[in-house]
Amino acid sequence: MYNPTVARLTYRALLGRRRAAILFVLPALLIVISAAVRSFSGADDQVTADLLGSFALATMVPLIGVIAGTGAIGPEIDDGSIVYLLAKPVKRSTIIVTKLIVAIAVTMAFSAIPTLIAGFILNGNGQQIAIAYTVAALVASIAYAAVFLLLGTVTRHAVVFGLVYALVWESLFGNLVPGARTLSVQQWSLALAQKIGENGVISSDVGLPLAVTLLVGVTAVATWYAGQKLRTLKLAGEE
C-alpha cells in the first residue's frame, strides 16, 4: 500500500522551491510571535494556551494541511499529468495511500515541530501545554491531510474550498460558534490536548471518546472516498 517512487515524486512536488517557501512562512511567524510574546509578558500558561490554540492549531495546522493535502494530488489532476502515473502498474489505492502518507508527513513536520518549539519558547512546557498542543497538531495533521487530499480529487478548486474551510470554519466558526465546534477537527484534537494537559487551561467542547471516533472516522472515510474517485478517473482509451 506504499510506493516509494510515488512518494518521491510527491515529496518533490510538495517541497519544490515555491511551495516550500509558502510552507515555511506560518511556522516562522509562529516562532517569531512566540518569542515576542515571551519577551513582553514572560512565561504565562494561559497566554501560551491561547496563542497555540488560536494561531497554531486553529490557523497554521489547517492551512498547512491545505497546501500539503491538495498539493499532493490536485496539480497532477489539473494539468493532466496524473494519467502518466495511472498508466503505471500501480494500484490506485496504493497511489492514494502513498500520497496521503506524504501529505501527513509534510503537514506534521511543518506544524507539530514549530508548535513544540513555540510552546517551549512561551513557557518551557509548563503544565505540559507544549506537549499537549504538539500531540493535538500531530493528530489534526492526519485528519486535515485526508480531507484536503480528498478535495484535491473531487474538484479543481480544492485550494479555494480548502482555504474557505480552514479560515472560515476552523478558525472562525470553530472558535466562536458553539454548535460548529462539535464538527471541528480543531476541537477533536483539542480533546486529546485537554487529556494530556489536565491543567484546566486547555479545554474542548467534544469528549475524548467522541473526538477519537470522529478523527478516525473522518480520516478513514475521506481516504476511502479519495481512492474511489481516483479509481473512477478514466484514462484516454479506457472503456
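Predicted, not measured: the structure shown is a model, and the values here were computed from it.

1. So, helix α10 (residues 185–197)
Okay, so step 1: Between its first and last C-alpha, α10 extends 18 Å over 13 residues, near the 18 Å set by a 1.5 Å rise per residue.
Okay, so step 2: Most of α10 is tucked away, with ten of its 13 residues classed as buried.
Okay, so step 3: Within the sequence span of α10, burial applies to V185, Q186, Q187, W188, S189, L190, A191, L192, A193 and G197.
Okay, so step 4: Positive backbone phi, at 45°, marks E198, one or two positions downstream of α10.

2. A look at the packing of helix α3 (residues 45–71) against helix α7 (residues 129–154)
Okay, so step 1: Running from N to C, α3 and α7 cross one another at 25°; their axes reach a closest spacing of 8 Å. Comparing their axes, α7 and α3 come out roughly parallel. Pair α3 / α7 crosses with right-handed handedness. Across the interface between the two elements, D45, T48, A49, L52, G53, L57, V61, P62, G65, V66, G69 and T70 of α3 pack against I129, A130, Y133, A136, A137, A140, S141, Y144, A145, F148 and L149 of α7.

3. Re the environment of F55
Okay, so step 1: By secondary structure assignment, the location of F55 is in helix α3.
Okay, so step 2: With 25 residues separating them along the chain, F55 and L30 place their C-alpha atoms 7.4 Å apart.
Okay, so step 3: The residues contacting F55, other than those within four sequence positions of it, are L26, L29, L30, I33, D50 and M60.

4. With respect to the pattern of salt bridges
Okay, so step 1: Tallied over the full model, the rule gives one salt bridge.
Okay, so step 2: Two residues, E76 and K99, come together in a salt bridge whose shortest N-O distance is 2.6 Å. Of this pair, E76 sits in helix α4 (residues 74–79) while K99 sits in helix α6 (residues 92–123), and the two are 23 residues apart along the sequence.

5. With respect to the side chain of S189
Okay, so step 1: Within the fold, S189 resides in helix α10.
Okay, so step 2: On the basis of relative accessibility, which here comes to 0%, the residue S189 falls in the buried class.
Okay, so step 3: Excluding residues that lie within four positions of it along the chain, S189 makes contacts with L57, A136, A140 and L215.

6. Description of unusual backbone geometry
Most peptide bonds are trans, and most residues other than glycine sit at a negative phi.
Okay, so step 1: The phi dihedral of N125 is positive, around 65°, even though this residue is not glycine.
Okay, so step 2: Structurally, N125 is set in the loop between α6 and α7.
Okay, so step 3: Residue N125 is classed as buried on the basis of its relative accessible area, which comes to 14%.

7. Observations regarding the packing of aromatic side chains
Okay, so step 1: The tally for this structure, following the rule as stated, stands at four aromatic pairs.
Okay, so step 2: Seen in terms of ring centroids, F24 and F110 are 5.0 Å apart; in terms of plane orientation they differ by 80°. Their pairing is edge-to-face. In this pair, F24 sits in helix α2 (residues 17–41) while F110 sits in helix α6, placing the two residues 86 residues apart along the sequence.
Okay, so step 3: Overall, the relative accessible area of 12% leaves F110 in the buried class.
Okay, so step 4: Seen from their ring centres, W224 and Y225 are 6.2 Å apart, and the 35° between their planes marks the pair as tilted.
Okay, so step 5: Looking at W224, the relative accessible area reads 54%, which means it is exposed.
Okay, so step 6: On the basis of relative accessible area, Y225 is assigned to the partly exposed category, the value being 37%.

What counts, and where the lines are drawn
Residues numbered from 1 in each chain as written. Predicted model: local features only at pLDDT ≥ 70, side-chain atom pairs only at ≥ 80, totals over all residues. Heavy atoms only, no water. Helix = DSSP H or I, 4+ residues; strand = E, 2+ residues; numbered from the N terminus. Expected span 1.5 Å × (residues − 1). Buried < 20%, exposed > 50% of the residue type's maximum accessible area, 1.4 Å probe, protein only. Axes fitted to C-alpha atoms, helices over the stretch in contact; angles between N-to-C directions. Parallel < 35°, antiparallel > 145°, perpendicular 65-115°, else oblique. Left-handed = near helix turned anticlockwise from the far one by under 90°. Contact = heavy atoms within 4.5 Å. Salt bridge = Lys/Arg side-chain N within 4 Å of Asp/Glu carboxyl O. Phe/Tyr/Trp six-rings, centres within 6.5 Å; stacked < 30°, edge-to-face > 60°.

Read these as spatial facts, not as claims about activity.
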